[in-house]
Amino acid sequence: MTYEEVKENAKKNIGPKCKVCPECNGLACGNILPGPGSKAPGNGAHENWKAWKSFRLNMDTIAPNTPADASFELFGKSFSMPLITAPIGSIAAQYNPTDDVCDYNACTVAACEAEGIACTFGSGIVPRVFPHGCELSKSHGGILIPIIDPVSMETIKNRIDLVNETRPFAAGVVIDSAGLALLKKSDPNAGTKTVEELRELKEYCKVPFILKGIMTAKGALKCMEAGADAIIVSNHGGRAQGETPATADVLPEIVDAVGGKMKIIVDGGIRTGHDIFKALALGADAAMICRPILIAYYGGREEGIRAYISKVRTELTDAMYMCGARKLSDITRDMIR
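Keep in mind the model is a prediction, meaning the values are calculated, not measured.

Undergrad: Go over the packing of aromatic side chains with me, naming the residues and quoting the values.
TA: Under the counting rule described, the total for this entry stands at eight aromatic pairs. Ring geometry for Phe-72 and Phe-79: centres 6.4 Å apart, planes at 35 degrees, overall tilted. Grouping residues by exposure puts Phe-72 and Phe-79 together as buried. With a centroid separation of 5.6 Å and 45 degrees between ring planes, the pair formed by Phe-121 and Phe-130 is classed as tilted. The pair Phe-121 / Phe-130 is uniform in exposure class, with both members buried. A network of ring pairs unites the aromatic residues Phe-72, Phe-75, Phe-79 and Phe-169 as a single cluster. Taking NZ or CZ as reference, Lys-157 lies 5.2 Å from the ring centre of Tyr-204, over its face. When the ring centre of Phe-130 is taken as origin, the NZ or CZ atom of Arg-159, which lies over that ring, is 5.8 Å away.

Structural data, given as structure tokens:
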């Protein structure tokens with residue numbers, strides 16, 4: 001199955017809110033919420049996409065004629081490249097009412113295991129989603145990372161209890177969804193967390209601890225104070241707050257603040273292997289992709305996701321080869337402009 005076939009199939013299955021654009025850029029879906037769009041005012045999904053497109057690659061073919069190796073290690077686990085699929089907590093409200101995010105998670109982790117990359121799942125608001133995801137991770141070598149919503153401390157700890165039992169290779173909390181109306185409706189105690197509360201959760205968790213939704217150097221330093229092992233630079237795909245900057249625009253200042261002291265992952269508008277190359281050149285350790293993975297699921301389930309991941313890997317290794325990088329550590333900021 002080619003990726004073009006995947007996209008054609010997706011148009012038939014994904015529902016009316018996503019238009020399966022030639023490249024997922026947030027324009028056709030606009031401010032459709034719940035759905036794939038952004039929170040008004042503005043269009044954060046499109047701004048994320050546009051920011052990555054503003055960078056260009058500096059070609060340099062005066063280099064050894066050897067293959068580019070995109071292999072990557074995170075928390076002692078080896079992967080084929082620094083791509084992680086981003087978490088989704090629910091798809092029924094956003095796409096089709098009968099859609100099941102548990103099936104999406106099952107297809108995603110199977111595809112990611114076959115392609116040698118890591119993946120995540122969101123805890124969601126349906127009670128069965130989190131235990132199902134933890135069991136999926138356990139049966140697939142721990143590569144499926146649970147990302148827990150910022151609900152009450154008691155509920156988060158209850159979920160971490162299951163994490164500590166099933167032992168994925170990492171787990172995290174997504175703090176940028178603190179103001180989502182749907183989350184507040186499901187748990188009135190959901191919301192923002194203090195450094196002290198995050199440190200308490202970090203100490204309670206027995207696997208490497210990630211915080212998702214960091215958009216400033218100040219926020220990154222707070223995460224470091226809390227003891228986080230990694231952060232995800234993210235504005236929730238533009239869905240949590242209008243008029244936020246693009247993730248590519250804030251990544252360099254965050255790297256300057258905490259780079260080398262904790263792992264830095266970035267998401268938001270990343271669509272191709274070229275975008276991943278740009279993220280690494282700006283100092284990220286890895287990148288996440290969300291919406292296109294979902295489109296690939298609707299276009300071919302596990303096979304569709306694998307087709308998309310394979311396309312991204314080819315784009316990344318091609319960019320590395322043509323810019324003079326033969327391994328990830330060779331990628332430097334002067335390889336983009």
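Undergrad: Go over helix α1 (residues 3-13) with me, naming the residues and quoting the values.
TA: Those residues of α1 that sit buried are Tyr-3, Val-6, Lys-7 and Ala-10. Burial along α1 is one-sided: seen end-on, the buried residues are contained in an arc of 95 degrees. In α1, the exposed residues that point more than 90 degrees away from the buried face are Glu-4 and Lys-12. Among the structural elements, α11 (291-322) are those in contact with the buried residues of α1. Two residues or fewer past α1, Gly-15 is found with a positive phi of approximately 95 degrees.

Undergrad: Can you break down the sheet that holds strand β4 (residues 118-122) residue by residue, with the values?
TA: Within the closed barrel, the eight strands sit side by side as β3-β4-β5-β6-β7-β8-β9-β10. Their pairing is parallel. Strand-to-strand, the axes of this sheet are offset by a mean angle of 30 degrees, without reference to chain direction. Sitting on the sheet, helix α4 (residues 129-139) touches β4 and β5 (144-148), and the angle it makes with β5 is about 155 degrees.

Undergrad: So what's going on with the nonpolar core? Residues and values would help.
TA: The biggest cluster of nonpolar side chains holds 117 residues, and the ones touching the most others in it are Ile-91, Ile-231, Leu-251, Val-266, Phe-277, Met-320 and Ile-331. When neighbours within four sequence positions are excluded, Ile-231 is seen to be in contact with Leu-211, Ile-214, Ala-220, Cys-223, Ile-254, Val-258, Met-262, Lys-263, Ile-264 and Ile-265.

Undergrad: Quick rundown of a nonpolar patch on the surface? Include the residues and the values.
TA: A contiguous nonpolar patch, built from Met-59, Tyr-321 and Met-322 and spanning about 290 Å² of accessible area, is present on the exposed surface. Mapped onto the secondary structure, Met-59 falls in the loop between α2 (44-53) and β1 (72-74).

Undergrad: Can you tell me about the packing of α2 against helix α9 (residues 247-258), naming the residues and giving the values?
TA: For the pair α2 and α9, the least separation of the axes is 7 Å and the interaxial angle reads 65 degrees. Here Asn-48, Ala-51 and Trp-52 of α2 come into contact with α9, specifically with Thr-247, Ala-248, Asp-249 and Leu-251. Looking at the contact of α2 with α9 residue by residue, the classes come out as four nonpolar, two polar and one charged.

Undergrad: I'd love a proper account of the packing of helix α3 (residues 101-115) against α4, names of residues and values included.
TA: Relative orientation of the contacting elements α3 and α4 amounts to 15 degrees, with a least axis distance of 10 Å. The orientation of α3 relative to α4 falls into the category roughly parallel. Relative to α4, α3 is oriented so that their crossing is right-handed. Contact with α3, carried on its side by Val-101, Cys-102, Asn-105, Ala-106 and Val-109, involves Val-129, His-132 and Leu-136 of α4 and no other residues of that element.

Undergrad: If you had to explain the environment of Lys-212 to someone new, which residues and values would you point to?
TA: Of note, Lys-212 is situated in strand β7 (residues 209-214). The class for Lys-212 is buried, based on a relative accessible area of 5%. Between the C-alpha atom of Lys-212 and that of Asp-330, which follows or precedes it by 118 residues, the distance is 27 Å. A polar atom in the side chain of Lys-212 sits 3.2 Å from the side chain of Ser-234.

Undergrad: Any chance you could break down the environment of Ala-248 for me, citing the residues and the numbers?
TA: When you line up the elements, Ala-248 lands in helix α9. The class of Ala-248 is buried, set by a relative accessible area of 2%. Taking the C-alpha atoms as reference, Ala-248 lies 34 Å from Glu-135; in sequence the two are 113 residues apart. Contacts of Ala-248, omitting those with residues within four sequence positions, involve Ala-51, Trp-52, Phe-55 and Leu-282.

Undergrad: Explain the pattern of salt bridges to me, using residue names and the numbers behind them.
TA: Under the defined criterion, the tally for this structure stands at 17 salt bridges. Taking the shortest distance from any N to any O, the salt bridge between Arg-301 and Asp-103 comes out at 2.5 Å. In this pair, Arg-301 is assigned in helix α11 and Asp-103 in helix α3, connecting sequence segments 198 residues apart. For Arg-301, a relative accessible area of 43% puts it in the partly exposed group. Of the charged contacts in the structure, one is a salt bridge between Glu-315 and Lys-311, with a shortest N-O distance of 2.8 Å.

Undergrad: Quick one: what's the story with the pairing of β5, residue by residue and with numbers?
TA: Burial within β5 is extensive, with five of its five residues counted as buried. Going residue by residue along β5, you find Leu-144, Pro-146 and Ile-148 tucked away on one face and Ile-145 and Ile-147 tucked away on the opposite face as well. Across four bridges, the pairing between β4 and β5 is parallel. Each residue of the ladder has a partner; that of Thr-120, found in β5, is Ile-145. For the segment spanning β4, α4 and β5, crossover handedness is right-handed. Pairing between β5 and strand β6 (residues 171-174): two bridges, direction parallel. The residue of β6 that forms the bridge with Ile-148 is Val-173. Since β5 and β6 lie parallel, the crossover through helix α5 (residues 153-166) that links them has a hand, and here it is right-handed.

So, how was this worked out
Residues numbered from 1 in each chain as written. Predicted model: local features only at pLDDT ≥ 70, side-chain atom pairs only at ≥ 80, totals over all residues. Heavy atoms only, no water. Phe/Tyr/Trp six-rings, centres within 6.5 Å; stacked < 30°, edge-to-face > 60°. Buried < 20%, exposed > 50% of the residue type's maximum accessible area, 1.4 Å probe, protein only. Lys NZ or Arg CZ within 6 Å of the ring centre and 35° of its normal. Helix = DSSP H or I, 4+ residues; strand = E, 2+ residues; numbered from the N terminus. Arc of directions from axis to C-beta. Contact = heavy atoms within 4.5 Å. Pairing = 2+ DSSP bridges. Axes fitted to C-alpha atoms, helices over the stretch in contact; angles between N-to-C directions. Core = buried A, V, L, I, M, F, W, Y, C linked by side-chain atoms within 4.5 Å. Patch = residues over 30% accessible without salt bridge, like charges linked within 9 Å, V, L, I, M, F, W, Y side chains within 5 Å. Areas by Shrake-Rupley, 256 points an atom, 1.4 Å probe, with all protein chains shown as cover. Salt bridge = Lys/Arg side-chain N within 4 Å of Asp/Glu carboxyl O. Nonpolar A, V, L, I, M, F, W, Y, C, P; charged D, E, K, R; others polar. Parallel < 35°, antiparallel > 145°, perpendicular 65-115°, else oblique. Left-handed = near helix turned anticlockwise from the far one by under 90°. Polar contact = N/O pair within 3.5 Å; in protein donor to acceptor, adjacent residues only side chain to side chain. Right-handed = clockwise from strand over helix to strand, strands pointing away.

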